[in-house]
Amino acid sequence: MKLLSVNIGRPRPNPWKESGTTGIDKRPVDGPVAVSAPGPKGTGEVGLAGDRVYDVKHHGGADQAVYAYAREDLDGWQAELGRPLAGGVFGENLTTLGVDVNGALIGERWRVGPDVVLEVSCPRVPCGTFQGWLDREGWIKRFTRAALPGAYLRVIEPGHIRAGDRIDLVHRPDHDVTVALTFRALTLEPHLLPHLLAADALPAEIKDLVHRRARG
């Protein structure tokens, strides 16, 4: 398992959202990149130096510090869409190889390179910016049906990462709540929501959602 590329966003106009600017245009960078835990959601801060988010209400913060997507899943989309998809094109910070990102358990931890430890927190849920960026009508529905969302990660141990770094699984919790299952529960299969509570490492806002749905 390894890190194929580390991708940093370039700010560009966002005609698809009121925020006016987006950092979804992420490109691979050379050399080491510092990784640290950001502040709370609402500041625009994320885990990689030189990157940030602009829709601060929905993105960024400790539970969405780093976004990872598997090269294998990009290759599948590349074949389906009939267009090349470079690392970073889905807005991911980390393009991985050999990592079952969507099969990862909520709360499992990866060591990336010699220093950095990241913890899987939740799936990415697609938005209008993502659809507009790819310029595909119906993309949100298509992406949602596929249930290959990629994973947001928290920064547990800071340090530096770079393309080519090895990724090691250093902790796997004792439950079966995967990134893909969480995504399905949050989108098309809400009957799965109660099952998510087995994962203590879920973000508080998702736990709150499960409790509200249960009361309703």
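Bear in mind that the values here come from a model prediction, so they are computed numbers and not experimental data.

Bringing the sheet that holds strand S9 (residues 116-123) into the picture now. Note: strands within a sheet are paired through backbone hydrogen bonds, in either parallel or antiparallel orientation. Reading across the sheet, the eight strands line up as S4-S1-S7-S6-S10-S9-S8-S12 and stay open at both edges, with mixed pairing between neighbours. This sheet does not close on itself; its edge strands, each paired only once, are strand S4 (26-28) and strand S12 (167-171). Neighbouring strand axes in the sheet, compared pairwise and without regard to direction, differ in orientation by 35 degrees on average. The pairing of strand S1 (residues 2-9) with strand S7 (residues 94-97) spans four bridges and is classified as antiparallel. Each residue of the ladder has a partner; that of lysine 2, found in S7, is leucine 97.

What follows is about the environment of arginine 12. With respect to the element layout, arginine 12 can be found in strand S2 (residues 12-14). The spacing of arginine 12 and leucine 196 is 184 residues in sequence and 36 Å in space, taken between C-alpha atoms.

So, about the pattern of salt bridges. Under the defined criterion, the tally for this structure stands at 14 salt bridges. Residue arginine 154 is joined to aspartate 63 by a salt bridge in which the shortest nitrogen-to-oxygen separation is 2.7 Å. With a gap of 91 residues between them, arginine 154 in strand S10 (residues 151-157) and aspartate 63 in the loop between strand S5 (33-35) and strand S6 (66-70) connect regions that are remote in the sequence. Arginine 154 gets classed as buried once you look at its relative accessible area, which sits at 12%. Residue class for aspartate 63 comes out partly exposed when judged on its relative accessible area of 26%. A salt bridge links arginine 166 to aspartate 168; its shortest N-O distance comes to 2.7 Å. When salt bridges that share partners are traced, they join Asp63, Arg109, Glu119 and Arg154 into one network.

Attention shifts here to the packing of aromatic side chains. Geometry of an aromatic ring pair is reported as the spacing of the ring centres plus the angle between the planes. Scanning the model with the defined rule gives 12 aromatic pairs in all. Where phenylalanine 130 meets phenylalanine 143, the ring centres are 5.1 Å apart and the plane angle is 85 degrees; that geometry is what we call edge-to-face. Of this pair, phenylalanine 130 sits in helix H2 (residues 128-134) while phenylalanine 143 is found in helix H3 (residues 139-146), placing the two residues 13 residues apart along the sequence. Take phenylalanine 130: its relative accessible area is 0%, and that puts it in the buried class. Taking the centre distance of 6.4 Å and the plane angle of 85 degrees together, the rings of phenylalanine 143 and phenylalanine 183 count as edge-to-face. In this pair, phenylalanine 143 is assigned in helix H3 and phenylalanine 183 in helix H4 (residues 179-186), connecting sequence segments 40 residues apart. Ring pairs connect the aromatic residues Tyr67, Tyr69, Trp77, Phe90, Phe130, Trp139, Phe143, Tyr152 and Phe183, which therefore count as one cluster.

What follows concerns the pairing of S9. Working note: regular strand, side chains alternate between the two faces of the sheet. Most of S9 sits inside the fold, with eight of its eight residues counted as buried. Counted along the chain from strand S8 (residues 109-112) to the antiparallel partner S9, the turn is three residues long, and its residue glycine 113 has a positive phi close to 70 degrees. Pairing between S9 and S10: six bridges, direction antiparallel. From the neighbouring strand, valine 120 faces S10, where its bridge partner is leucine 153.

As a further point, take the nonpolar core. Within the largest apolar cluster, 54 residues are counted, with the highest numbers of intra-cluster contacts made by Phe90, Trp110 and Leu118. Looking at which element gives the most residues to this core, the answer is S6, with five residues. Leaving out residues up to four positions away in the same chain, phenylalanine 90 has contacts with Tyr67, Tyr69, Leu74, Trp77, Leu85, Arg124, Phe130, Leu134, Trp139 and Phe143.

Every buried residue of helix H1 (residues 71-81) is listed here: Arg71, Asp73, Leu74, Trp77 and Leu81. The buried residues of H1 all sit within an arc of 155 degrees when viewed along its axis, so they share a single face. Where H1 is buried, its residues touch S1, S6, S7 and H3. One or two residues past the end of H1 sits glycine 82, with phi positive at roughly 70 degrees.

Next up on the list: the packing of H1 against H3. Viewed as axis vectors pointing N to C, H1 and H3 meet at an angle of 135 degrees, and their least axial separation amounts to 13 Å. Judged by the inter-axis angle, H1 sits oblique to H3. Pair H1 / H3 crosses with right-handed handedness. Residues Trp77, Glu80 and Leu81 of H1 form the contact with H3, whose own contacting residues are Trp139, Arg142, Phe143 and Ala146.

Basis of the calculations
For every chain, the first residue of the written sequence is number 1, and numbering continues from 1 along that sequence. Side-chain atom pairs in this predicted model are given and counted only at pLDDT of 80 or more, local residue features only at pLDDT of at least 70, and totals for whole chains, interfaces and linings cover all residues. Think of the side-chain values as coming from all heavy atoms in the structure, minus any hydrogens and water. At least two DSSP bridges between two strands are required for those strands to pair. Each helix is a run of DSSP H or I of at least 4 residues and each strand a run of E of at least 2, with the numbering of both proceeding from the N terminus. Think of each axis as a best-fit line through the C-alpha atoms, taken over the contacting stretch in the case of a helix, with angles from 0 to 180 degrees between the N-to-C directions. By convention in these notes, a salt bridge is any Lys or Arg side-chain nitrogen within 4 Å of a carboxyl oxygen on Asp or Glu. Only protein chains enter the accessibility calculation, which uses a 1.4 Å probe; a residue is then buried when its area is under 20% of its type maximum, exposed when over 50%, and partly exposed in between. Between 30 and 60 degrees the pair is tilted, below 30 it is stacked and above 60 it is edge-to-face, where a pair is any two Phe, Tyr or Trp rings, Trp via its six-membered ring, whose centres lie within 6.5 Å. Take the buried residues of types Ala, Val, Leu, Ile, Met, Phe, Trp, Tyr and Cys, join any two whose side-chain atoms come within 4.5 Å, and each joined set is a nonpolar core. Contact criterion: two residues are considered in contact whenever any of their non-hydrogen atoms come within 4.5 Å of each other. Working note: the arc is built from the helix axis to C-beta atom directions. When describing relative orientation, an angle under 35 degrees is termed roughly parallel and one over 145 degrees roughly antiparallel, while 65 to 115 degrees is termed roughly perpendicular and anything else oblique. We call a crossing left-handed when the near helix sits turned anticlockwise from the far one by less than a right angle, and right-handed when that turn is clockwise.

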